[in-house]
Amino acid sequence: MLKLGFNEATCKENSTVEKDLELCEKYGYDYIELRLDMLKAYFQTHTIGDLQSFFANSHLKPFAFNSIEDINFNTPAQWDKLVDLFKFGCETAQAIGNPYMIVVPTMTQEICTKNEKEVFEDSVEVLNKLADIAEPYGVSCSFEPIGDRRWCCNSVRQALEIVQAVNRKSVGLTVDCINFYMHDKCADVDYIRKIPKDKLFVYHINDCEDLPLGILDHCHRIMPGKGCIPVAEISRAVMDVGYDGPACLELFRPEYWDMDAEQVIQMGAECCAPFLK
Ligand code: ZN
């Protein structure tokens, strides 16, 4: 059994942290993945105490912050900026009991030309540096390979080798349906079963339109069950690993941003339900 989770990207253009919290609680979500940019906006008019009191009085619980992006191959200036945002996330996470931070490999404008060894070595180094910062806050890093070839780490296989080499309890993986699909159209769903239970931290659920790889992008994400990804098979593989946390609905679909957030969040709960058991 999986729990129901909501990732704030799904309504990032038509909602706010306050609204997402209220609506996710109303429609029976168990967990929420808050976005760091939306949290910064929230703190313009709210305090950490407001957030703590919401979670203390709600069924909904925080799960993962999204996201620390472009973690590889940073210049010193880029790295300092990244660490500032990462520390803001760790402090907030500790204050509200949010266990995970999603960390994402670096994206280039064209297909990434770094070779596997370069990506491996850099990823092991930066994940260790981030874990050194996060562990004192009780926060774990969930590394998410992004299937498109513009991202330097784009398969579960590559990401798993990296987190196994890092070999720290606080560093694991995010499996995301469209990112898994974008790598090779889910040629080997069974590969997910190779992830050890203690390395599978987060599961992002979504589906996508049937478009050729190379054209397919994150804006083509769609509600689970409405596209061409074998979502049921992926969810089954995730459960077979022993993962029993939330399937967090993560979409970046402009069509949903044009709708009323309440309608999207309600539809999300309904569309995810068949894949949770
Ligand atoms: Zn994701």
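Above this text you will find the structure in question.
In this convention, every chain numbers its residues from 1, walking through the sequence in written order. A pLDDT threshold of at least 70 governs which residues receive local features in this predicted model, and a stricter bar of 80 or more applies before side-chain atom pairs are shown or counted, although totals over entire chains, interfaces and linings include all residues. Calculation of side-chain values draws on the structure's entire complement of heavy atoms; hydrogens and water are dropped beforehand.

S.K.: Sorry, what's going on with the sheet that holds strand 1 (residues 3–7) here?
M.R.: Sheet strands pair via backbone hydrogen bonds, and the direction of the pair is either parallel or antiparallel. Pairing between strands is defined by DSSP: at least two bridges between them are needed. Every helix listed is a DSSP run of H or I at least four residues long, and every strand listed is a run of E at least two residues long, numbered separately from the N terminus. In space, the nine strands of this open sheet follow the order 3-2-1-11-8-7-6-5-4, with parallel pairing throughout. The open sheet has two edge strands, strand 3 (61–62) and strand 4 (64–68), and neither has a second partner. In this sheet, strand 11 (residues 246–249) lies alongside strand 1 in parallel orientation, the contact comprising four bridges. Looking at strand 11, one finds that Lys3 is bridged to Pro246. Two residues qualify as a contact provided that any one of their heavy atoms is within 4.5 Å of a heavy atom in the partner residue. Note on method: axes are straight lines fitted to C-alpha atoms, helices fitted across the in-contact stretch only, with angles between N-to-C directions ranging 0 to 180 degrees. The strands touched by helix 6 (residues 156–166) are strand 6 (140–143) and strand 7 (171–176); relative to strand 7, the strand with the most contacts, the crossing angle is about 165°.

S.K.: Help me out: how do you make sense of the coordination of the zinc ion in this one?
M.R.: Around a metal, the ideal angle is 109.5 degrees if four donors adopt a tetrahedral arrangement and 90 or 180 degrees if six donors adopt an octahedral arrangement. Here the term donor refers to an N, O or S atom within 2.8 Å of the metal (or 3.2 Å for Na, K and Ca), and because water is left out of the atoms, sites may appear incomplete. Protein coordination of the zinc ion is provided by Glu144 (OE), Asp176 (OD), His204 (ND1) and Glu250 (OE), with donor distances spanning 2.0 to 2.1 Å. Geometry at the zinc ion is irregular, judged from the four donor atoms that bind it and their angles of 84 to 159° at the metal. Between consecutive donors of the zinc ion, the numbers of intervening residues give the motif E-x31-D-x27-H-x45-E. Taken together, the positions of His204 in strand 8 (residues 200–205) and Glu250 in the loop between strand 11 and helix 9 (254–257) put the pair 46 residues apart, joining distant regions of the chain. We classify His204 as buried; its relative accessible area is 0%. Working definition: with a 1.4 Å probe on protein chains only, accessible area under 20% of the residue-type maximum means buried, over 50% means exposed, and in between means partly exposed. Relative accessible area serves as the criterion here: at 5%, Glu250 is assigned to the buried category. Think of it this way: with four donors and all angles in the 85 to 135 degree range, the site is tetrahedral; with four or six donors, opposite ones beyond 155 degrees and the rest between 65 and 115, it is square planar or octahedral; otherwise it is irregular.

S.K.: How should I be thinking about helix 4 (residues 76–96) in this particular structure?
M.R.: The end-to-end C-alpha separation of helix 4 is 30 Å, in line with the 30 Å expected for 21 residues at 1.5 Å each. Of the residues making up helix 4, those classed as buried are Trp79, Leu82, Val83, Phe86, Phe88, Gly89, Cys90, Thr92, Ala93 and Ile96. Residue Gly97 follows helix 4 closely and has a positive phi angle near 70°. Expected span of a helix: the number of residues minus one, times 1.5 Å.

Limitation: the analysis is restricted to geometry and does not speak to function.
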